[in-house]
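Chain by chain, the residues:
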Amino acid sequence: MTGRRAMMTARGRGWLRGVLAMALLALVLIWTGQAWADGPRAVQPGDRLNGQWRPDMDSLRDYLTSVLEPVGGHCLSIHGSMIYAFRTTGDARLHAMEHSVAGTTVTIKRQRAGGTRSDTVVFLYSGSYAAPLTVRASERILETSRTPDFSNFFVEGFTVNGVFVGEMDFNLTGLSQAFGGNVMRYEFVGDNTLRLTPIFPPSPDGVPIHPRPFTLHRLSHDPDRR
């Protein structure tokens, strides 16, 4: 078992870090985006966006699968505590977004290249992210800053096919600057449900990414609720 674990650690750390980073970036929504205008002109949501929101985990699972599909990944499940908080900062167009995670478990199946075998990756992580947010209501777009105020996540442990691989810190601040600012199309479905669809540009290798939308449900109108 010790030899197998050592082999798994040596063999798997490279692509595991890549898959983990991609999954975490997708969940924090830090990607370069390209927006376009369509449909009728919308009004600024203002205080309507303010508050704490909890994602629908089934829709988040489907969204993460759509992001990981180009690398042979499929999210089997995601569960735990995850909160998005939005607040106005004095201008109807300017907000701040905070994203916090505590003890959330993500299970991913990744198909190996050139074969029928697959690996099941499970990771448990916690952390938080905060960044300025601009609302472009005429295009129904939310866009976070390229430079987060704070971004750090800790993978408390992850396993591959039931074998413990390790734990690690993921400070995404540098990655977020490299990947660019986040762009999402938003849609209110009533006052207490928000549908978000991240907008991804064509990938450098030409493989298209078509992210599915996910939904947030309002927990409170107060972004500082504890």
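The structure under discussion appears in the preceding block.
Nothing here was measured: the structure is a model prediction, and the numbers come from that model.

A look at the overall build of the protein chain
Here is step 1: In terms of regular secondary structure, the protein chain is built from three helices and 10 strands.
Here is step 2: Along the protein chain, helices (α) and strands (β) appear in the sequence α-β-α-β-β-β-β-β-β-α-β-β-β when read from the amino end.
Here is step 3: Long-range pairs, those at least 24 residues apart, make up 68% of the contacts in the protein chain between residues at least 6 apart in sequence.

Considerations on the pattern of salt bridges
Here is step 1: One pass over the full model with this rule turns up nine salt bridges.
Here is step 2: Residues Glu 98 and Arg 87 are paired through a salt bridge, measuring 3.3 Å at the closest nitrogen-oxygen approach. In this pair, Glu 98 is assigned in strand 3 (residues 94-111) and Arg 87 in strand 2 (residues 73-88), connecting sequence segments 11 residues apart.
Here is step 3: With a shortest N-O distance of 2.8 Å, Arg 112 and Asp 119 are connected by a salt bridge.
Here is step 4: Within the structure, one salt-bridge network assembled from shared partners comprises Asp 58, Arg 61 and Asp 62.

Points about the environment of His 221
Here is step 1: As for its position among the elements, His 221 is in the segment after strand 10 (214-220).
Here is step 2: According to the relative accessible area criterion, His 221 is exposed, its value standing at 56%.
Here is step 3: Separated by 29 residues in the primary sequence, His 221 and Asn 192 place their C-alpha atoms 9.3 Å from one another.
Here is step 4: In contact with His 221, other than residues within four places in its own chain, are Asn 50, Gly 51 and Asn 192.

Structural notes on the side chain of Arg 218
Here is step 1: With respect to the helices, strands and loops of the structure, Arg 218 is situated in strand 10.
Here is step 2: One buried charge, Arg 218, has no salt-bridge partner; the nearest side chain with opposite charge is Asp 191, at 6.1 Å.
Here is step 3: Polar contacts involving the side chain of Arg 218 include one to the main-chain carbonyl oxygen of Arg 48, which spans 2.6 Å.
Here is step 4: For Arg 218, the side chain forms a polar contact with the side chain of His 221, separated by 3.4 Å.
Here is step 5: If sequence neighbours within four positions are ignored, Arg 218 has contacts with Arg 48, Asn 50, Gly 51, Gln 52, Trp 53, Asp 191 and Asn 192.

Overview of helix 2 (residues 57-68)
Here is step 1: With 12 residues, helix 2 should reach 16 Å at 1.5 Å per residue; the first-to-last C-alpha distance of 16 Å fits that figure.
Here is step 2: With nine of its 12 residues buried, helix 2 lies for the most part within the structure.
Here is step 3: For helix 2, every residue scored as buried is listed here: Met 57, Ser 59, Leu 60, Tyr 63, Leu 64, Thr 65, Ser 66, Val 67 and Leu 68.
Here is step 4: Taking the backbone nitrogen of Asp 58 as reference, a side-chain oxygen 3.3 Å away marks Asp 56 as the first, capping residue of helix 2.

Describing the pairing of strand 3
Here is step 1: Bridging between strand 2 and strand 3 involves 14 bridges; their strand directions are antiparallel. Residue pairing across strands places Gly 73 opposite Arg 110, the latter belonging to strand 3.
Here is step 2: Linking two consecutive strands that pair antiparallel, namely strand 2 and strand 3, is a turn of five residues; a positive phi of about 105° is found at Gly 90 within it.
Here is step 3: One ladder, built from 16 bridges, connects strand 3 with strand 4 (residues 118-136); its direction is antiparallel. Directly across from Met 97, in strand 4, lies its bridge partner Ala 131.
Here is step 4: Hairpin connection from strand 3 to strand 4: six residues lie between these consecutive antiparallel strands, with Gly 114 at a positive phi of about 70°.

Rules and cut-offs
- Residues numbered from 1 in each chain as written.
- Predicted model: local features only at pLDDT ≥ 70, side-chain atom pairs only at ≥ 80, totals over all residues.
- Heavy atoms only, no water.
- Helix = DSSP H or I, 4+ residues; strand = E, 2+ residues; numbered from the N terminus.
- Contact = heavy atoms within 4.5 Å.
- Salt bridge = Lys/Arg side-chain N within 4 Å of Asp/Glu carboxyl O.
- Buried < 20%, exposed > 50% of the residue type's maximum accessible area, 1.4 Å probe, protein only.
- Lys, Arg positive; Asp, Glu negative; His and termini not counted.
- Polar contact = N/O pair within 3.5 Å; in protein donor to acceptor, adjacent residues only side chain to side chain.
- Expected span 1.5 Å × (residues − 1).
- Pairing = 2+ DSSP bridges.

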